[in-house]
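Observations on the three-dimensional arrangement
Here is what each chain is made of, one letter per residue.
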Protein chains: 2
Amino acid sequence: MNLFIHNTRLPDATEPVQISIQHGRIAAIGADLTPLPDVEILDAGGMTAIPGLVNGHTHAAMTLFRGFGDDMPLMEWLQTRIWPAEARLSQEDVYWGARLACLEMIRSGTVRFEDMYWHFHGMAQAVEDSGLRAGVGAVMIDVAGGEQAASCRRLAEQTFEESQRYSERVRFTLTPHAIYTVSPESLRWTADFSARHDLPVHIHLSETRHEVEQCLQHHGVRPAVHLDRQGLLTPRVLLAHGVWLDEAELDLIAARGATLVTNPVSNLKLAVGGIFPFEKAAARGIPIGLGTDGTASNNNLDLFQEMKFLALIQKHAQNDPTALPAHTAWEVACGHQAPLLGQTGILAPGAAADLLLIHTAQVETTPEHDLISNLVYAATGHVVDTMIVAGKVLMHQRTIPDEEEIRHEARSRAARICQI
Amino acid sequence: MNLFIHNTRLPDATEPVQISIQHGRIAAIGADLTPLPDVEILDAGGMTAIPGLVNGHTHAAMTLFRGFGDDMPLMEWLQTRIWPAEARLSQEDVYWGARLACLEMIRSGTVRFEDMYWHFHGMAQAVEDSGLRAGVGAVMIDVAGGEQAASCRRLAEQTFEESQRYSERVRFTLTPHAIYTVSPESLRWTADFSARHDLPVHIHLSETRHEVEQCLQHHGVRPAVHLDRQGLLTPRVLLAHGVWLDEAELDLIAARGATLVTNPVSNLKLAVGGIFPFEKAAARGIPIGLGTDGTASNNNLDLFQEMKFLALIQKHAQNDPTALPAHTAWEVACGHQAPLLGQTGILAPGAAADLLLIHTAQVETTPEHDLISNLVYAATGHVVDTMIVAGKVLMHQRTIPDEEEIRHEARSRAARICQI
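Report follows, based on the coordinates. Because the structure is a prediction, the values reported are computed rather than measured.

1. Things to note about the overall build of chain A
If you tally the helices and strands in chain A, you get 14 helices and 18 strands. Computed over C-alpha atoms, the radius of gyration of chain A comes to 21 Å, within 12% of the 22 Å expected from 2.2 N^0.38 for 420 residues, which places it in the range of a compact globule. Projected onto its principal axes, the C-alpha positions of chain A cover 65 × 45 × 45 Å. Within chain A, the proportion of its 420 residues that are buried is 64%. Sequence-distant contacts in chain A: of pairs separated by 6 or more residues, those separated by 24 or more amount to 73%. Within the structure as shown, chain A displays about 14600 Å² of accessible surface, and the carbon and sulfur contribution to it stands at 51%. For chain A, the distance from the average position of its 32 positive side-chain charges to the average position of its 50 negative side-chain charges is 4 Å.

2. Things to note about the pairing of strand β6 (residues 53-58) of chain B
On a regular strand, one side chain projects to one face of the sheet and the next to the other, so that they alternate. Residues and elements named next belong to chain B. Extensive coverage of β6 is indicated by the burial of six of its six residues. Direction of pairing for β6 relative to strand β7 (residues 110-115): parallel, over a ladder of four bridges. Residue L53 lies in a different strand from β7, and its bridge partner there is T110.

3. Concerning the sheet that holds strand β15 (residues 288-290) of chain B
Residues and elements named next belong to chain B. Read across the sheet, four strands follow the order β12-β13-β14-β15 without closing on themselves; strand pairing throughout is parallel. Looking along the sheet, the strands with just one partner apiece sit at the ends: β12 (201-205) and β15. The mean inter-strand angle of the sheet, taken between neighbouring strand axes irrespective of direction, is 30 degrees. Across five bridges, β12 lies against strand β13 (residues 237-241) in parallel orientation. Paired with L205 across the bridge in β13 is H241.

4. Digging into helix α8 (residues 247-256) of chain B
Residues and elements named next belong to chain B. Along α8, the residues that are buried comprise E249, L250, L252 and I253. One face of α8 carries all of its buried residues, which in axial projection span an arc of 160 degrees. Summarising the geometry of α8, the exposed residues directed more than 90 degrees from the buried face are A248 and A255. Structurally, the start of α8 carries an N-cap: the backbone nitrogen of A248 is 3.2 Å from a side-chain oxygen of D246. Backbone geometry just downstream of α8 places G257 in the positive-phi region, at approximately 80 degrees.

Conventions we followed
Residues numbered from 1 in each chain as written. Chains lettered and ligands numbered in written order. Predicted model: local features only at pLDDT ≥ 70, side-chain atom pairs only at ≥ 80, totals over all residues. Heavy atoms only, no water. Helix = DSSP H or I, 4+ residues; strand = E, 2+ residues; numbered from the N terminus. Rg over C-alpha atoms; globule rule 2.2 N^0.38 Å. Buried < 20%, exposed > 50% of the residue type's maximum accessible area, 1.4 Å probe, protein only. Contact = heavy atoms within 4.5 Å. Areas by Shrake-Rupley, 256 points an atom, 1.4 Å probe, with all protein chains shown as cover. Lys, Arg positive; Asp, Glu negative; His and termini not counted. Charge placed at Lys NZ, Arg CZ, Asp CG, Glu CD. Pairing = 2+ DSSP bridges. Axes fitted to C-alpha atoms, helices over the stretch in contact; angles between N-to-C directions. Arc of directions from axis to C-beta. Polar contact = N/O pair within 3.5 Å; in protein donor to acceptor, adjacent residues only side chain to side chain.

By themselves, these observations are geometric and do not establish any function.
Right, here's the structure in full:
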């Protein structure tokens, strides 16, 4: 089914336009377009078309653990809450937790996300059924190497094979957890497998000071250098967090072409101590994306809120109110500064039809002196009225057909899993 | 008209209750209440009753300037944007800007706020017509003393007289702007007038490091000491910001019984450099409230978002994920830690009927492991379905009768005023 968006506005224009969508792509944008016969017409009067947002780092199914132990010391939280609950998770639980996450992302304007979690097929099927796009990986943890490493590799190879069954909206991703939970042997295997099959890699890096200290102690070098020695700093690699990177590590990441994804809310909530060195990374031309992390450490998936935290914490850290202006925060949240995040969200003929229609005529976005400032500093994800991904309408007038069923199912599974 | 809330839940209970409201106050809460004849019945099935929130520091009418120059150096912003625009403001403009602010506060759960701005009557009438409660003051700026000071005092005295015409929802407040914009002579007069008529005082204090340096240079002491020497540290005084207070100043504020209001979003956005010393102030028993500041430096009035910033920036500053837990942030936002902010928002018989009904069955508040955690870390003001203030329903099912008219009027006035 093709789609014709009637009477919308673009961010930088006042005259209404029509957008013609064919076979999941934007066919044309113009003031004088007329719809072909047999096309679905969507009236967008009073609404503005903007790109969809991209969440560069999350653990979607952890919506099941939202509010299940906040404000706790990390190890107590993991040992008494998260690990026992995760041990009870089935593939089906992950499916429903991820469906809940996808609902929330649709409702707050995220068209694509990078995920890392257990139970690949539960996650991939949830992306498939929700209509979103995602990079999906089954997390690899292998501290010891040896037989555990071999088993991890077999699982990754098998999952890669099986992942072919999903549509192009699901991108198989290699997801070694972190340098302190994956053996050098498995990191090298990941680098090789990624190169051989041209696969993206998604890994946590330099989130805490403890990780840096431990890496120096065990390997004699800082985390980015350690990763590079395993061959795992390449243009295919996405590094989540990067809070404690020093200047030499940033130089190395820039030289290798890897992408950094910052998660300001999670970093503050878990009190990792540092602030992501945005200015230094941007000055080196490193591609930068924005992530929410999982809801257990956020506790929502709203990139509108995340953009505001991103801009404000950088102003604070740089002691400069002009640092990281709204327009930059917006570009980062759209994924425009990091091609590895999928190159979605471009409003131009030929691009994938992944876009939002927003009602700017809301109380918190009045007056309309500056649309982007309103979106970054004043709005939340509730500004989104309609989401279209790959040419398909996933939400219209804030209504998603199976929302109640998903919410109900996820809630009852969460209650069962999260018993203390 | 009396009101009977049918079938709601309280935060810490699972069984439904009824709430009977008479003459603007909560008459009874119980499982077996039956409505009197001639009472308006409000069905709250599926909803939870929670206290309304209190905004301890804002400049409501500045909604007109939302997004009108962000990310700019302070002086350039004031000189090229705000001051020229403020010079054009009429009493009527302030009325409509404040009505827009009140709309936004109703939609995000704020039942009471402390305001400081120009054109007292425009502001007070907006509070009156919106149905909210507020402390309202006409800002006093008098750098030179002498004739300017005398004129300021006459205006304050006259405004105080005229303020008697408003209902008890409008509380007249003395609002000297700051120690660097008001002469010692006028600060002393304010202290005296406040004592004589038992009036609250609302003043900015210690927002920037520059203010501290200037105070040391001109008066030889730090800001809180200077204020105390003018007799203006009392239990009737509300101090907004307090970012750069040192330990001795906190001791002094605690000894005098003054209230501090922190504004985390504004402090980050304007890059004032420091973080409000929450832990040190709380340890001394200083009453603490939460404010959004005006929308020109936020850019919204959503205390749900402000609570999250409050908790997260304190965890960061204290380098401790257990610092300022959700339940504390919630208490602060309800005004429960600062009686000077109006002692509203208490759900008990005899208290003013100022409360919210929220739909917890929303995507971003699922699952329901912990209601308060969900409200602080996951929700936004959009979780509010119904607001009741002084027993009157101001919003129900997120509908406010005159919303469109107010939004339209404020928008066209903002466009006229904000010409560069």
